[in-house]
Amino acid sequence: MCIGVLKAPTTFLETTVIEAGQNPEQVTRILFQDFPAWMLVSFYVVAFCAIAVFLYGCYAQVRKYARGRSLSKDGLWSGIKRMIEALLTHRTLRRRDAEAGRNHALIFFGFVLLFIGTSTITLEYDILEPLTGLKFWYGSFYLWFSLILDIAGTGFVIGLLYMMYRRKWLALPKLDYRRPDRDPSDPDYARDWYRLEDWLFLWALVLLGVTGFLLEAARLVWLQNDPTVWDYRWWSPVGAIVAYGYKAVGLTSAGAGDLRIGLWWFHGLLALTFIAVIPYTKAKHIVTAMASLALRDAKPAAHLPDADLTAKKVGADSITDFTWKQLLNFDACTKCGRCHEACPANATGFPLSPRDLILTLRELSNATLEGISMPPQDRLAAIGDGVNQVRPETLWSCRTCAACVEICPVGIEHVPVIVEMRRALVDASEMEPSLQKALQNIHNKGNSLGENKRKRTAWTKKLDFEIKDARKEAVDVLWFVGDFASFDPRYQRVSQAFARILRHAGVDFGILYEAEMNAGNDVRRVGEEGLFQHLAESNIETLQECDFKRIVTTDPHSYNTIRNEYPDFEGVYEIEHASAMIQRMLANGQIALKKKLGSRVTYHDPCHLGRLNKGFDPPRESIRMLGADLVEMERSRDNSFCCGAGGGRIWIPDPTDKEKPSENRVREAARIDGLEVLVVNCPKCMNMFEDARKSTGNEDNFRVMELIELVEECMALGDEAGPDAGGAPAGASPGDASPAAQGA
Amino acid sequence: MKILVPVKQIGVVDEDFELRGDGKDVDPDFLNFEANEWDDYSYEAALQIMEAADGVEVVPVTVGPDDAEDVLRRCLAKGGERGIRVWDDALEDASPAAIVQVLAKVVEKEQPDMVFTGTLSSDRSYAQTGVGLAAALGWPHAAVITGIEWKPGDPKATLLRELEGGLVEQLSVNCPVVLTIQLGINTPRYASLRGVKQAKEKPVEDLSLADLGLSGDDLAAAGGSFRVRRMYKPETGQAELIEGTPAEQAARLVEIINELKGAA
């Protein structure tokens, strides 16, 4: 098919680029000209050996993946489309390292074009011509081909040289392989062989590119007396320049002929060796990265995989407990270090680097699953203290903030891997006593704080009106309050403010009172899948009994699991985060502002609202509508730095001898000149930052406030001596089942 | 080789509660039922012995109504293959002495080699069941144990007890023996909800008093060395945080002292 397409322009251009009197068929690149038979035969023998080694390697990789757990993947076609889009735009590679992305694009597109070029030669010379006599690789098609490949090769070499410069001189911390989860005395502390592999990979490719040009030039000098070659030298400009260089140092045609043979073999053997080792080395990312990108989940961290609780085993503590897709993910890692840099645990000295976790599992899988037969079960253990094993403290360091998943250019999904391993730890009861206590509290009392169910609504007693009981009467909006928003004394003030705002805005809302249980988001992320499913089912059972149109919550964690995970348990609801509702009510005037903020504020994206559910804009727009001067922190939006409370870490106290993620974040905020308020949008972030503000000595510098509190401040509700004294609630639409009717 | 572990469901009192009509106990409406914390440790101690040797069976037993079965399920989620629950309406408000009679019959039936109980149950804090059971069986006993060195077949167990002033007492005791286990002897494992669900498949033998050859009269005869006369909440004192300059604080302190003097 491509021949037909290519033939047409060839004929058309024949007249324009081929000199009169020359046979276009003569204008082509010589391949094996002047090769003795033995040389030709040895080349084919070596080539077939290389391909055989390559194919066996591919087979061994596929066999390795097949040893993982089965998994059926839907949406493969749209995944492939997304992968192609990612490849063509290099979007994932350019993020947060534009220079590396651009140069990778040079290498990638250079490689692809050179590969297509070489394949075209093989297609004609070894397949089409012997079989059908068809020839197309000559004349102007060849000349254009030659020019394009010269440009591609130039880009390829430039890209590779930049990568060498980057590794050697930029000293990027993310390319430092020293591991936070190992001590310098551990044998796998820095994995020095990775560095060797990196350099071999770069040198091999650079030499391939450079010898290609040298060879091209040698050919030109050798055949300088053949007008079908020399006349067209500028169609391979790099080759031509080098050829003039050769001539300048006195290389003769005969000398160039000898040089050509030597370079031909060097270049050819290097290329074939490269092909042969692709499945066994870093080079395999060419294939695995593409596959990994195509297999990406839509919501890898927001919606965790279900676990069959009736199965013999839950979670992953052995390498064969991972799915084939996860084993493939492990192979896709290129050690680019973007996750390593983004991880809040790593940034604050916890023994976790998402990169090293993935590489540890890769090493384990390569060491155990690549052989012809399977090793004994005990060698497959993935959790432990040994080489190629992940330590439990590494797994417990994770905040499931998904910064790693989000930035990974090749679509590796770290969070589900970590949670699967945590499931195995929980099943074996390997966890911090404080976490065990929290889980027991949730099991016994439905909340992590161990408070009595009846106290869940204690915060409502300070309101001078009563909130509807959604279990008893129909409401428009069901407010799922969540544990911290109900019990945390600081956040109770926010819950009260939100109740007053809703009431003033004339929203018909209710809560579940003591029937509400912990939504289970963090319970699932801790790895207690049984308890999560119990909580989801219990809450859904309660919700099914209620009459409401949609759910709102101030808690991004509850929001995430209800939105993304409850549908698996037949709990399909329209749910929105309070910030989105506030933004809407500010925009349509349902919330009437009496004053504007003039203060300088910054906004912290909660992971579960921002990265996991893309709720970046409504809170910002709300803050702007309040009239505040919003200054962004260095790390914001998708690069927001977790407060440290996610993934159940709110139940495991951070050690006091290290900087806490929350302290790191508060210090970042404090670097903003004249900052007055750090605005948060999550009960857990509030809890973390209120502490961190004190422990970092910023207590007198700025306040930590919820968006909701700022809204209430601008509504000036406090100035009215209670909403009832202030007459009809502002913004209450007539005919609305106004909550004011049930005022105290 | 068998270890019997009596466990108990306890009532935890709400922050706001009311007393029962007769004033002798808390109204059960205000109780949350949970497993007794000490029993987590005694059960864990038994499981660790089970896991360290072959052919050891651990059997949890409880005396309590239907919903006390949860406590057994939570034990079985951690280990063990079967449980025993004894109940009879006559056991409502049973004294420790009566419970001891019941457990002694269970021991007679099960013939365990060891019995591990918690040192006490946090709702009543009598700390009588374990030692009473040993007396009823005529077995030796040791209380408030913080360390056990024993494996199946050993004629004697070496035990540790923590005393005041940071002292540790090491003692050896002849087996079979009843041990009452103290908090902190080990780290009890977590019973995952998956484990609890799977434990629902494990058999729990429900026994009545008659099944054990006991009657309500036997329990009455066992009686007890005491009876509850009434339960009440004593009036709590008042605390006040004195603020202000040292002089103001001193003035307020004098005021309070004078007030209290006057009241006395």
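What counts and how
- Residues numbered from 1 in each chain as written.
- Chains lettered and ligands numbered in written order.
- Predicted model: local features only at pLDDT ≥ 70, side-chain atom pairs only at ≥ 80, totals over all residues.
- Heavy atoms only, no water.
- Helix = DSSP H or I, 4+ residues; strand = E, 2+ residues; numbered from the N terminus.
- Buried < 20%, exposed > 50% of the residue type's maximum accessible area, 1.4 Å probe, protein only.
- Contact = heavy atoms within 4.5 Å.
- Areas by Shrake-Rupley, 256 points an atom, 1.4 Å probe, with all protein chains shown as cover.
- Lys, Arg positive; Asp, Glu negative; His and termini not counted.
- Charge placed at Lys NZ, Arg CZ, Asp CG, Glu CD.
- Phe/Tyr/Trp six-rings, centres within 6.5 Å; stacked < 30°, edge-to-face > 60°.
- Lys NZ or Arg CZ within 6 Å of the ring centre and 35° of its normal.
- Buried area = accessible area lost by both parts, 1.4 Å probe.
- Salt bridge = Lys/Arg side-chain N within 4 Å of Asp/Glu carboxyl O.
- Polar contact = N/O pair within 3.5 Å; in protein donor to acceptor, adjacent residues only side chain to side chain.
- Domains from an automatic or database assignment.
- Pairing = 2+ DSSP bridges.
- Core = buried A, V, L, I, M, F, W, Y, C linked by side-chain atoms within 4.5 Å.
- 1 Å grid on protein atoms, 1.4 Å probe; cavity = no way out; pocket = protein on both sides within 12 Å on 5 of 7 lines; lining within 4 Å.
- Points joined across faces, edges and corners; volume = space filled by probe spheres on them.
- Nonpolar A, V, L, I, M, F, W, Y, C, P; charged D, E, K, R; others polar.

A. Expanded view of the overall build of chain B. Of the regular secondary structure elements, chain B holds seven helices and 11 strands. Overall, the C-alpha framework of chain B stretches about 75 × 45 × 40 Å when taken along its three principal axes. Buried positions account for 41% of the 264 residues belonging to chain B. Long-range pairs, those at least 24 residues apart, make up 70% of the contacts in chain B between residues at least 6 apart in sequence. In the form shown here, chain B has an accessible surface area of approximately 14,200 Å², with 49% of it arising from carbon and sulfur atoms. When the 26 positive and 46 negative side-chain charges of chain B are each reduced to one mean point, those points stand 3 Å apart.

B. Up close: the packing of aromatic side chains. Under the definition given, this model contains 34 aromatic pairs over all chains. With a centroid separation of 4.7 Å and an interplanar angle of 75°, the aromatic rings of Phe35(A) and Trp264(A) are classed as edge-to-face. Note that Phe35(A) is positioned in the loop between α1 (2–17) and α2 (37–66) and Trp264(A) in helix α10 (residues 253–277), a separation of 229 residues in sequence. Accessibility expressed as a relative area gives 12% for Trp264(A), which makes it buried. Through pairs of rings, three or more aromatic residues link up here, namely Phe32(A), Phe35(A), Phe43(A), Tyr44(A), Phe48(A), Tyr125(A), Trp264(A) and Trp265(A). Cation over ring: Arg399(A) sits above Phe350(A), and NZ or CZ is 4.5 Å from the ring centre. Over the ring of Tyr232(B) we find Arg230(B); its NZ or CZ atom is 3.9 Å from the centre of that ring.

C. View of the interface of chain B and chain A. Between chain B and chain A, the contact holds 15 residues from the first and 23 residues from the second. For the chain B and chain A pair, buried surface summed over both sides reaches about 1,700 Å², with 43% attributable to carbon and sulfur atoms. Taken as a group, Tyr190(B), Leu193(B) and Arg194(B) account for 47% of the area that chain B buries against chain A, more than any other trio of residues on that side. Taken together, the links from chain B to chain A amount to two salt bridges. Between Lys445(A) and Glu34(B) there is a salt bridge; the shortest N-O distance is 3.4 Å. Put simply, chain B and chain A have 14 residue pairs in polar contact (both at pLDDT 80 or more) between them.

D. Region of interest: the domain arrangement of chain A. Parsing chain A into structural domains produces domain 1 (2–27 + 35–292), domain 2 (333–430) and domain 3 (436–742). Put simply, the middle of domain 1 of chain A and the middle of domain 3 of chain A, counted by C-alpha atoms, are 54 Å apart.

E. Molecular detail of the environment of Leu137(B). Residues and elements named next belong to chain B. Note that Leu137 resides in helix α4 (residues 129–137). Separated by 27 residues in sequence, Leu137 and Glu110 have C-alpha atoms that sit 13 Å apart. Excluding its chain neighbours within four sequence positions, the residues that come into contact with Leu137 are Ala104, Val107 and Val178.

F. Expanded view of the pairing of strand β6 (residues 600–603) of chain A. When β6(A) meets strand β7 (residues 629–630) of chain A, the two strands line up parallel, connected through two bridges. Residue pairing in the sheet places Arg600(A) in a bridge with Asp629(A) of β7(A).

G. Geometry of the nonpolar core. Residue and element names in this part refer to chain A. Judged by nonpolar contacts, the single largest core of 136 residues is most densely connected at Phe322, Met421, Ile467 and Trp479. With seven residues, helix α21 (residues 489–504) is the single largest residue contributor to this core. If you look at the next biggest cluster of nonpolar residues, it comprises 39 residues, including Phe145, Ala218, Trp222 and Ala276.

H. Structural context of empty space enclosed by the protein. All names here are of chain A. If you walk through the whole model with that rule in mind, you get eight cavities of 30 Å³ or more. Its boundaries defined by the atoms lining it, the largest cavity holds a volume of some 160 Å³. If you go around the largest cavity, you meet 16 residues; those closest to its centre are Tyr142, Arg219, Leu220, Val229 and Ser236. Within the residue set of the lining of the largest cavity, elements represented by two or more residues are α6 (139–170), α7 (192–222) and α8 (227–230). Each residue belonging to the lining of the largest cavity can be placed in one class, and the counts come to eight nonpolar, four polar and four charged.

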